[in-house]
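One letter stands for each residue in the lines below.
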Amino acid sequence: MRARRRLTAVLVAVLVAGLVAGLTAACGPSFEGLHLRIATGAVGGVYNDLARPLADAWAKDLGIARPEVLATQGSRDNLNRVRSGGADVAFVAADLAAEAAAQYPGRLTALARIHDDYLHIVVRADSPYTSVSMLKGRHIAVGSPESGVEYIANRVLAVAGLTDSVSVQQLGLEDSLKALENHRLDALFWSGGLPTPLITQYTQKVGLRLLDMASLQEGMQAYSPVYSTATIPGSTYNQAGPVTTLVVPNFLVVPAKMADDVAEALTRGLYDARPALAEANRAALSIDVHPGIETEPLPLHPGALAYYRSLKV
């Protein structure tokens, strides 16, 4: 009798274990022990704003420790970190991603195209500058070293014929705004979503204006087809009217060697987290699966592609 009870107990234990294993498999892969680092940008910028709620969402969805959100110099720094193994996911501007795709074929992939960045050339409202050409001989901040801002700013200055006729400083957004407030700068470059909270804050505090860039469109598109133009409405920063600006998309970039199931789960988590991302920054309102697949010339990671195919996008 005792032997029969023991055998019954063993059989029950085996059945329960099998049931638990089956339920676990049905719920999807386990990501226990997965540690992620997200390369973003400066605190106060859109990349960093979006990365924090995204890290929360991924931690919950994948059942992992909250990914580490890394404040960085920006897109070029982020790409270097992914290539060197210093980050697992990175926010990267499409122009720099295109350059990296050509330089390092097969090493980098994308999970999604996310929001678009709008180039800002910012001056004080009480300054005399009303066009980019009027910045000749002036002191200008072009963003942090290794940032996407610096990259596009240098291209704009070349197209405008100002490369050798301006005094350039490599400063992050907050330092640039402080210098503009204190009359140590005449203008600053920034590339970010709409609105960028720090620019809103200093517009209210100091009084700032944006310069129109319609005349630069043709020259910038000769550099790269990723550049397009759009309008920043006057209401965005309480301006007198709209201005034409340059637009560059942003990608979530991962190494090509990332496991397919991880990439698929991260992509799904990105879209599931859109309400929380939009609450952190309105730029996330443009995140959608249909433009999300448009990451050329950087290929989609196979795991991300599997997610989009599951939606029949």
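The preceding data block contains the structure.
Residues numbered from 1 in each chain as written. Predicted model: local features only at pLDDT ≥ 70, side-chain atom pairs only at ≥ 80, totals over all residues. Heavy atoms only, no water.

Colleague: So what's going on with the nonpolar core? Residues and values would help.
Modeller: One finds F91, L135, V156, F189, L252 and L266 to be the most contacted residues of the largest nonpolar core, which totals 103 residues. Other than its neighbours up to four places away in sequence, F91 contacts I38, A39, T40, Y47, L50, A51, L54, S75, N78, I114, F251 and L252. (Core = buried A, V, L, I, M, F, W, Y, C linked by side-chain atoms within 4.5 Å. Buried < 20%, exposed > 50% of the residue type's maximum accessible area, 1.4 Å probe, protein only. Contact = heavy atoms within 4.5 Å.)

Colleague: Let's hear about helix 4 (residues 94–103): which residues, and what values?
Modeller: The buried count for helix 4 comes to seven of 10 residues, which makes it a mostly enclosed element. For helix 4, the full list of buried residues reads A94, D95, L96, A97, A98, A100 and A101. Buried-residue contacts for helix 4 involve helix 3 (75–84), strand 3 (89–93), strand 4 (108–124), helix 5 (148–159) and strand 10 (243–255). (Helix = DSSP H or I, 4+ residues; strand = E, 2+ residues; numbered from the N terminus.)

Colleague: Tell me about the side chain of T109, residues and numbers included.
Modeller: You can see T109 is positioned in strand 4. Since its relative accessible area comes to 7%, T109 is described here as buried. If we skip the residues at most four places from it in the chain, T109 touches L252, V253, V254, P255, A256, L298, P299, L300 and H301.

Colleague: Describe in detail the packing of helix 4 against helix 5, supporting the description with residues and values.
Modeller: Direction vectors running N to C along helix 4 and helix 5 enclose 90°, while the axes themselves pass 9 Å from each other. One finds that helix 4 runs roughly perpendicular with respect to helix 5. Side by side, helix 4 and helix 5 meet where D95, L96 and E99 of the first sit next to G148, Y151, I152 and R155 of the second. Classifying every residue of the contact of helix 4 with helix 5 by side-chain character gives three nonpolar, one polar and three charged. (Axes fitted to C-alpha atoms, helices over the stretch in contact; angles between N-to-C directions. Parallel < 35°, antiparallel > 145°, perpendicular 65-115°, else oblique. Nonpolar A, V, L, I, M, F, W, Y, C, P; charged D, E, K, R; others polar.)

Colleague: Give me a nonpolar patch on the surface: which residues, what numbers.
Modeller: On the surface, a nonpolar cluster with roughly 210 Å² of combined accessible area is contributed by I293, L311 and V313. Considering the arrangement of structural elements, one finds V313 in the segment after helix 12 (302–310). By relative accessible area, V313 is classed as partly exposed at 35%. (Patch = residues over 30% accessible without salt bridge, like charges linked within 9 Å, V, L, I, M, F, W, Y side chains within 5 Å. Areas by Shrake-Rupley, 256 points an atom, 1.4 Å probe, with all protein chains shown as cover. Salt bridge = Lys/Arg side-chain N within 4 Å of Asp/Glu carboxyl O.)

Colleague: Requested: an account of the pattern of salt bridges, with residues and values cited.
Modeller: Close approach of charged atoms allows side chains of opposite charge to pair. All told, the structure shown has 11 salt bridges when counted by the stated rule. Between R76 and E99 there is a salt bridge, and its shortest N-O distance comes to 3.1 Å. Residue R76 is located in helix 3, and its partner E99 is located in helix 4; the two are separated by 23 residues in the primary sequence. Under the relative-accessibility criterion, R76 is labelled partly exposed at 28%. The shortest N-O distance in the salt bridge between D126 and R124 comes to 3.0 Å. Looking at D126, the relative accessible area reads 56%, which means it is exposed. Linked through salt bridges whose partners overlap, the residues forming this network are R113, D116 and E294.

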